[in-house]
Amino acid sequence: MHVPDSGDILTQRTDYDSIIVGGGFFGCSLAVHLRRDLGQRVVMFEMGSELLQRASYANQARVHNGYHYPRSLLTALRCRVNFPRFVADHDDCIVRDFESYYAVGRNFSKTTAAQFRQFCERVGAPIKPAPAGIRRLFDPDLVEDVFSVHELAFDAVRLKEHVLRDLAAHDVEVRLSHEVESVRPAADGRLEATCRAPDGPGRFVAASVYNCTYSRINALLVGSGLPPVHLKHELTEMPLVEVPDEVKGRAFTMMCGPFFSIMPFTPRGLYTLSHVRYTPHAEWSDAPGQAWRDPYAVLAASPRRSNFPHMLRDVSRYMPCLRACRRVDSLWEVKTVLPKSEVDDSRPVLYREHCGLPNLTCMLGAKIDNIYDVLEVVDAVAGVPPRTAAVEAGR
């Protein structure tokens, strides 16, 4: 990884094939892919002082294996394809030392236990009845059934270290504390990106620009005078909790309506608690014709009043032992999804080429394993055939 000295920040650079905006997991993975596999000259800009510090860190760190999506068969199947690939490619980052269980609510659930079991069998996701001791942790009046499943997590700190090694190994140029504010056509038909940096503005020219800024995708579009993409944002809180002995070494997910989930968060030695009703503190949408709101500014201005007491009262109805959970801290972040996800809980990938300008591409994935879906499209656009049978099978 090459981080230039501040002395060349003001110099206009024109020798790049691709500019990548955003230094989260998607931006970094794309940079390595373009450099290593397609031989491109790449520069990546990150407005923060470090990489993988926002949504790549502040999430539940689940490596999805399909179970989450009984109402979206395509999303589940893509998880089943991507799960083994992500685990193999990031073996040093994977957390395996816990058991994973899914429970199905008896009331108000959008799927029954029989439907959930049938769905898992249909997509080939391993499932079996949970042991009696695990089932006794749930209130049988509220929970229809509990299943043992195969699902893993990743350590966000180790993932960052893994990504930094990849960037360095392939000499990807990275410019930290650089905010790309706008993109416009250059005189030679390529694209010119204007950056704000501590030592002053800079201009960089490349054949292509990839906007991988997740919740701030529309910041670049609006700054460039282009129409925004229709996105939904949620201001979210993920409490970090100490758990009772019955939960230690285990992860629990309640489906699929009265939804909550508790999982290990290895970097802090704690557990994350999410809740369908109380994790979001506020929501808003970006759409053409509406005033754009900077998600980072919304998050910075929001009070940190925890919803943990409300979460705890509800989840302990289903699992009485969770009353003993103690909140230590919370992860606060903006979650961004496509509006389509509100209908069927799917997690489609946004990959929009020529997004207002030729060769300006906007991309967004809702799950970390979506990166393979994105890279598959990048390869297809470049005329590169799929490299693995697993990817071909999932097309």
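The structure this text deals with has already been given above.
The structure contained in this document is the topic of the report that follows.

What counts and how
Residues numbered from 1 in each chain as written. Predicted model: local features only at pLDDT ≥ 70, side-chain atom pairs only at ≥ 80, totals over all residues. Heavy atoms only, no water. Buried < 20%, exposed > 50% of the residue type's maximum accessible area, 1.4 Å probe, protein only. Helix = DSSP H or I, 4+ residues; strand = E, 2+ residues; numbered from the N terminus. Arc of directions from axis to C-beta. Contact = heavy atoms within 4.5 Å. Salt bridge = Lys/Arg side-chain N within 4 Å of Asp/Glu carboxyl O. Core = buried A, V, L, I, M, F, W, Y, C linked by side-chain atoms within 4.5 Å. Pairing = 2+ DSSP bridges. Axes fitted to C-alpha atoms, helices over the stretch in contact; angles between N-to-C directions. Parallel < 35°, antiparallel > 145°, perpendicular 65-115°, else oblique. Left-handed = near helix turned anticlockwise from the far one by under 90°. Nonpolar A, V, L, I, M, F, W, Y, C, P; charged D, E, K, R; others polar. Phe/Tyr/Trp six-rings, centres within 6.5 Å; stacked < 30°, edge-to-face > 60°. Lys NZ or Arg CZ within 6 Å of the ring centre and 35° of its normal.

Examining helix H3 (residues 113–123)
Then, in step 1: Three or more residues of H3 are buried, namely Ala-113, Phe-116, Phe-119, Cys-120 and Val-123. For H3, the angular spread of the buried residues around the axis is 125°, confining them to a single face. Structural note: H3 exposes Gln-118, Glu-121 and Arg-122 on the side pointing more than 90 degrees away from its buried face.
Then, in step 2: Here the buried face of H3 lies against helix H2 (73–89), strand E5 (99–105), strand E6 (127–129), strand E7 (143–149) and strand E14 (250–255).
Then, in step 3: With its phi angle positive at about 80°, Gly-124 sits one or two positions after the end of H3.

As for the environment of Ala-251
Then, in step 1: Within the secondary structure, Ala-251 sits in strand E14.
Then, in step 2: Given the relative accessible area of 2%, Ala-251 is considered buried.
Then, in step 3: Measuring from C-alpha to C-alpha, the distance between Ala-251 and Ile-94 comes to 15 Å, with 157 residues separating the pair along the chain.
Then, in step 4: Apart from residues lying up to four places away in sequence, Ala-251 is in contact with Phe-98, Glu-99, Ser-100, Tyr-101, Ile-262, Met-263 and Pro-264.

Some remarks on the pattern of salt bridges
Then, in step 1: Scanning the model with the defined rule gives 28 salt bridges in all.
Then, in step 2: Between Asp-155 and Arg-158 there is a salt bridge, with its nearest N and O atoms 3.2 Å apart.
Then, in step 3: Its relative accessible area of 30% is what places Arg-158 among the partly exposed residues.
Then, in step 4: The closest approach of N and O atoms between Glu-173 and Arg-175, which form a salt bridge, is 2.8 Å.

Quick word on the nonpolar core
Generally speaking, nonpolar side chains in soluble globular proteins are found buried as a group.
Then, in step 1: If you look at the biggest cluster of nonpolar residues, it comprises 37 residues, and the most contacted ones within it are Ile-20, Phe-25, Leu-30 and Leu-167.
Then, in step 2: Sorting elements by how many residues they give to this core places helix H1 (residues 25–36) first, with seven residues.
Then, in step 3: Once you skip the residues sitting within four places of it in the chain, Leu-167 turns out to touch Met-1, Cys-28, Ala-31, Val-32, Met-44, Leu-51, Val-172 and Val-174.

Quick word on the sheet that holds strand E3 (residues 62–63)
Then, in step 1: The three strands lie next to each other as E3-E8-E4, forming an open sheet whose pairing is antiparallel. Edge positions in the sheet fall to E3 and strand E4 (94–95), since each of these pairs with one other strand and no more.

Focus: unusual backbone geometry
Then, in step 1: Along the chain, Met-255 connects to Cys-256 via a cis peptide bond; the corresponding omega equals -5°.
Then, in step 2: Following the sequence through the fold, Cys-256 ends up in the loop between E14 and strand E15 (260–265).
Then, in step 3: Unlike most non-glycine residues, Leu-52 shows phi in positive territory, near 50°.
Then, in step 4: Here Leu-52 is to be found in the loop between strand E2 (42–46) and E3.
Then, in step 5: Taking relative accessible area as the criterion, Leu-52 reaches 5% and is therefore assigned buried.

Observations concerning the packing of H2 against H3
Then, in step 1: Running from N to C, H2 and H3 cross one another at 50°; their axes reach a closest spacing of 10 Å. Classified by the angle between their axes, H2 and H3 sit oblique to one another. Crossing handedness for the pair H2 and H3: right-handed. Along the contact surface, H2 presents Leu-73, Ala-76, Leu-77 and Arg-80, while H3 presents Phe-119, Arg-122 and Val-123.

Brief notes about the packing of H2 against helix H10 (residues 371–382)
Then, in step 1: At their nearest, the axes of H2 and H10 sit 9 Å apart, and the two run at 95° to each other. Judged by the inter-axis angle, H2 sits roughly perpendicular to H10. Judged by residue contacts, Arg-78, Asn-82, Arg-85, Phe-86 and Asp-89 of H2 engage Tyr-372, Asp-373 and Glu-376 from H10.
Then, in step 2: Along the lines of polarity and charge, the residues of the contact of H2 with H10 split into two nonpolar, one polar and five charged.

Focus: the packing of aromatic side chains
Then, in step 1: A complete count under the given rule lists twelve aromatic pairs for this structure.
Then, in step 2: Between Tyr-57 and Phe-265, the aromatic rings sit 5.4 Å apart at their centres with planes inclined by 85°, giving edge-to-face as the arrangement. In this pair, Tyr-57 is assigned in the loop between E2 and E3 and Phe-265 in strand E15, connecting sequence segments 208 residues apart.
Then, in step 3: Of the residues examined, Tyr-57 reaches a relative accessible area of 21% and is grouped as partly exposed.
Then, in step 4: Overall, the relative accessible area of 1% leaves Phe-265 in the buried class.
Then, in step 5: Ring centres of Phe-116 and Phe-147 lie 5.8 Å apart, and the angle between their planes is 45°; on these two criteria the pair is classed as tilted. One end of the pair, Phe-116, is in helix H3; the other, Phe-147, is in strand E7, with 31 residues separating them in the sequence.
Then, in step 6: With a relative accessible area of 0%, Phe-116 lands in the buried category.
Then, in step 7: Using a relative accessible area of 2% as the deciding quantity, one classes Phe-147 as buried.
Then, in step 8: Grouping aromatic residues by their ring pairs yields a cluster made of Tyr-67, Tyr-102, Phe-116, Phe-119 and Phe-147.
Then, in step 9: The residue whose ring lies beneath Arg-54 is Tyr-296, and the NZ or CZ to ring-centre distance is 3.6 Å.

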